[in-house]
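# Coordinate analysis (summary)
Each chain is listed here by its residues.
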Amino acid sequence: MTPSTTVDAASTATFAELGLPAVLVQALRRDGIETPFPIQAATAPDVLAAKDVLGRGPTGSGKTLAFGLPMLTRLMGASAKPGRPRGLVLVPTRELAAQIERALDEPALALGLRVASVVGGAPIKRQADRLARGVDLLIATPGRLADLIAQGSADLSDVMITALDEADHMADMGFLPQVTKLLDRTPRDGQRLLFSATLDGEVDKLVKRYLRAPVTHSTAPPSASVTTMSHHLLYVGDKVAKRAVATEIAARDGLTIMFVRTKHGADRLAKQLRGAGIAAGALHGGKAQNNRTRTLAAFADGSVPVLVTTDVAARGIHVDGISLVVHVDPPPEPKAYLHRAGRTARAGEDGVVVTLVMDEERREVESMARKAGVEIDGVAVRPGDRALIEITGARRPSGVPIAAAA
């Protein structure tokens, strides 16, 4: 049996008391980060003690700093040779890599360390050049890192500590064979950290193969029972009514993320919303990386407050302040519901999750919601209904078309 703790109370420890160096604590304070989240307080001492750590927690629980800060602390005092990083973070998506790099860049600079990310969809030569200048902590998607190793631009022989973030997403996306090959290239006695919302199936095999007597910390059970999150099924009748209801919901104030099943569906809905006068962007795997980056930045800063996305593209969207998640197309299974719902009510904020349900979908969606641990009564809605407005803040759009961003 491995030691295990469930982290469910606010931490009273400070970052300094966790063992982080003063210069790092000061850098966090300059960014307005004063108090550790529970998962950070729980895991940091074990990571600093060179233990293997298994962290389970939903999106928004503070996992990036939970592994990133103690990793940087362990790497301080030395420097990387060209092409040979000393710390490695593997992630499933380009967006998550960029988010982690942004979160750790200032803390790394405070310690005199260099952080960089390598991902698919960006020029590989530029990434090889960056590695050649020396990178202490490398954040990578598995495919691109494998390419850099194959061309001789990266070597993992000096990696003393590796973190796998969102391991369950990497499993869902079929990346684990690549991940195991990469882990096999790191020193056998290296420290390993694994963070995941769920620890079943393929992820469990990874844990058993690569982590030695890991200490397990769980921030919450894998369910949608976040107290600041409310869930609603909205019965909309047919496709025509669904489209009209979705448009009024999208016209609300605040950041809204809308999930659809397909890339084509994302583009079609975003275009429909812009035609009704709503600033909306589409995000999916078929978009070029620079387009995805621009779309996500516009959503994060609120200039395009509605993001229409597919499940795969949404993995790695870590934007605070999303107050409404809309399942325009109901999720295919409970796990997808939980991942989608996790985009709101992050870090103690309030959030609402609604699922638009057509008549023929009612039985299937109600069953899926129960399996996800969500007890919700549905309500029938039409455009302009008081219930629709009270639950989502829906309102009538201007009807003045908005051009798509270039």
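Residues numbered from 1 in each chain as written. Predicted model: local features only at pLDDT ≥ 70, side-chain atom pairs only at ≥ 80, totals over all residues. Heavy atoms only, no water.

### Points about the overall build of the chain
When helices and strands are tallied, the chain shows 16 helices and 15 strands. Taking all 406 residues of the chain together, the buried fraction comes to 53%. Only carbon and sulfur atoms are counted for the fraction: they give 52% of the accessible area of the chain, which is about 17,300 Å². (Helix = DSSP H or I, 4+ residues; strand = E, 2+ residues; numbered from the N terminus. Buried < 20%, exposed > 50% of the residue type's maximum accessible area, 1.4 Å probe, protein only. Areas by Shrake-Rupley, 256 points an atom, 1.4 Å probe, with all protein chains shown as cover.)

### Remarks on the packing of helix α2 (residues 38-48) against helix α3 (residues 63-75)
The N-to-C vectors of α2 and α3 enclose an angle of 25°; their axes lie 9 Å apart at closest approach. By the angle between their directions, the pair α2 and α3 is classed as roughly parallel. Read as a crossing pair, α2 and α3 show a hand that is right-handed. From α2, Ile39, Gln40, Thr43, Ala44, Val47 and Leu48 reach across to α3, where they touch Lys63, Leu65, Ala66, Pro70, Met71, Thr73 and Arg74. By residue class, the composition of the contact of α2 with α3 is eight nonpolar, three polar and two charged. (Axes fitted to C-alpha atoms, helices over the stretch in contact; angles between N-to-C directions. Parallel < 35°, antiparallel > 145°, perpendicular 65-115°, else oblique. Left-handed = near helix turned anticlockwise from the far one by under 90°. Contact = heavy atoms within 4.5 Å. Nonpolar A, V, L, I, M, F, W, Y, C, P; charged D, E, K, R; others polar.)

### Comments concerning helix α9 (residues 201-210)
For α9, the set of buried residues is Val203, Leu206, Val207 and Tyr210. Buried residues along α9 cover an arc of 100° about the axis, so they all sit on one side. Turned more than 90 degrees away from the buried face of α9 sit Lys205, Lys208 and Arg209, all of them exposed. Elements in contact with the buried residues of α9: β2 (53-56), β6 (161-164), α7 (167-172), α8 (176-184) and β7 (191-196). (Arc of directions from axis to C-beta.)

### A word on the nonpolar core
In this structure, Phe67, Met71, Leu72, Val89, Ile100, Leu137 and Leu193 are the most contacted members of the largest nonpolar core, which totals 35 residues. Those elements that provide at least two residues to this core are α1 (22-30), α2, α3, α4 (94-110), β5 (137-140), β6 and β7. With sequence-adjacent residues up to four places away left out, Leu137 is seen in contact with Met71, Leu72, Leu75, Gly87, Leu88, Val89, Leu104, Arg114, Val115 and Ala116. (Core = buried A, V, L, I, M, F, W, Y, C linked by side-chain atoms within 4.5 Å.)

### Some thoughts on the confidence of the model for the chain
Per-residue pLDDT for the chain averages 87, and the proportion of residues at 70 or more is 90%. In this model, residues 221-226 is a region of pLDDT below 50 whose contacts with residues beyond four sequence positions or in other chains number 13 contacts. (pLDDT = per-residue confidence, 0-100.)

### Thoughts on the environment of Ala154
Following the sequence through the fold, Ala154 ends up in the loop between α6 (142-150) and β6. Residue classification places Ala154 among the buried residues on the basis of a relative accessible area of 7%. In contact with Ala154, not counting residues within four places along its chain, are Gly83, Leu131, Leu145, Leu148 and Ile149.

### Quick word on the sheet that holds strand β15 (residues 378-380)
Pairing within the open sheet is parallel, and its seven strands lie in the order β11-β12-β10-β13-β14-β9-β15. Both outer strands of the open sheet, β11 (280-283) and β15, are each paired with one neighbouring strand and no more. Between one strand axis and the next, the sheet turns through 25° on average, direction left out of account. Both strand β9 (residues 229-237) and β15 contribute to a ladder of three bridges, which runs parallel. Directly across from Leu233, in β15, lies its bridge partner Gly378. Lying over the sheet, helix α11 (residues 263-275) contacts β10 (255-259), β11 and β12 (306-309), oriented at roughly 175° with respect to β11. Strands β9, β10, β13 (322-327) and β14 (351-358) of the sheet are contacted by helix α14 (residues 334-341), whose axis makes an angle of about 155° with β13. (Pairing = 2+ DSSP bridges.)

### A closer look at the pattern of salt bridges
Where charged atoms from two side chains of opposite charge come close, those side chains can pair. Counting across every chain of the model gives 15 salt bridges. Taking the shortest distance from any N to any O, the salt bridge between Lys51 and Asp46 comes out at 3.5 Å. The exposure class of Lys51 is partly exposed, given its relative accessible area of 39%. Judged by relative accessible area, which is 12%, Asp46 ranks as buried. (Salt bridge = Lys/Arg side-chain N within 4 Å of Asp/Glu carboxyl O.)

### Focus on the pairing of β14
Summarising burial for β14: eight of the eight residues are buried, a large majority. In β14, alternate side chains face the same way, and those of Gly351, Val353, Thr355 and Val357 on one face and Val352, Val354, Leu356 and Met358 on the other are all buried. Note that β13 and β14 share four bridges and pair parallel. Looking at the pairing, Leu324 lines up with Val352 of β14.

### Some points on unusual backbone geometry
Peptide bonds are mostly trans, and most non-glycine residues show a negative phi. Despite not being glycine, Glu166 shows a phi value in the positive range, around 55°. By the secondary structure assignment, Glu166 is in the loop between β6 and α7. A positive phi angle, near 40°, is found at Ala213, a position not held by glycine. For Ala213, the position within the fold is in the loop between α9 and β8 (215-218). On the basis of relative accessibility, which here comes to 63%, the residue Ala213 falls in the exposed class.

### Quick look at the environment of Leu69
Note that Leu69 resides in helix α3. Judged by relative accessible area, which is 1%, Leu69 ranks as buried.

### Some remarks on the packing of α3 against α4
Two numbers describe a pair of packed helices, the interaxial angle and the distance between the axes. Relative orientation of the contacting elements α3 and α4 amounts to 40°, with a least axis distance of 10 Å. Classified by the angle between their axes, α3 and α4 sit oblique to one another. The handedness of the crossing between α3 and α4 is right-handed. Each of Thr64, Leu65, Phe67, Gly68, Leu69 and Leu72 in α3 lies in contact with α4, whose residues at this interface are Gln99, Ile100, Ala103, Leu104, Pro107 and Ala108. Broken down by class, the residue content of the contact of α3 with α4 amounts to nine nonpolar, three polar and no charged.

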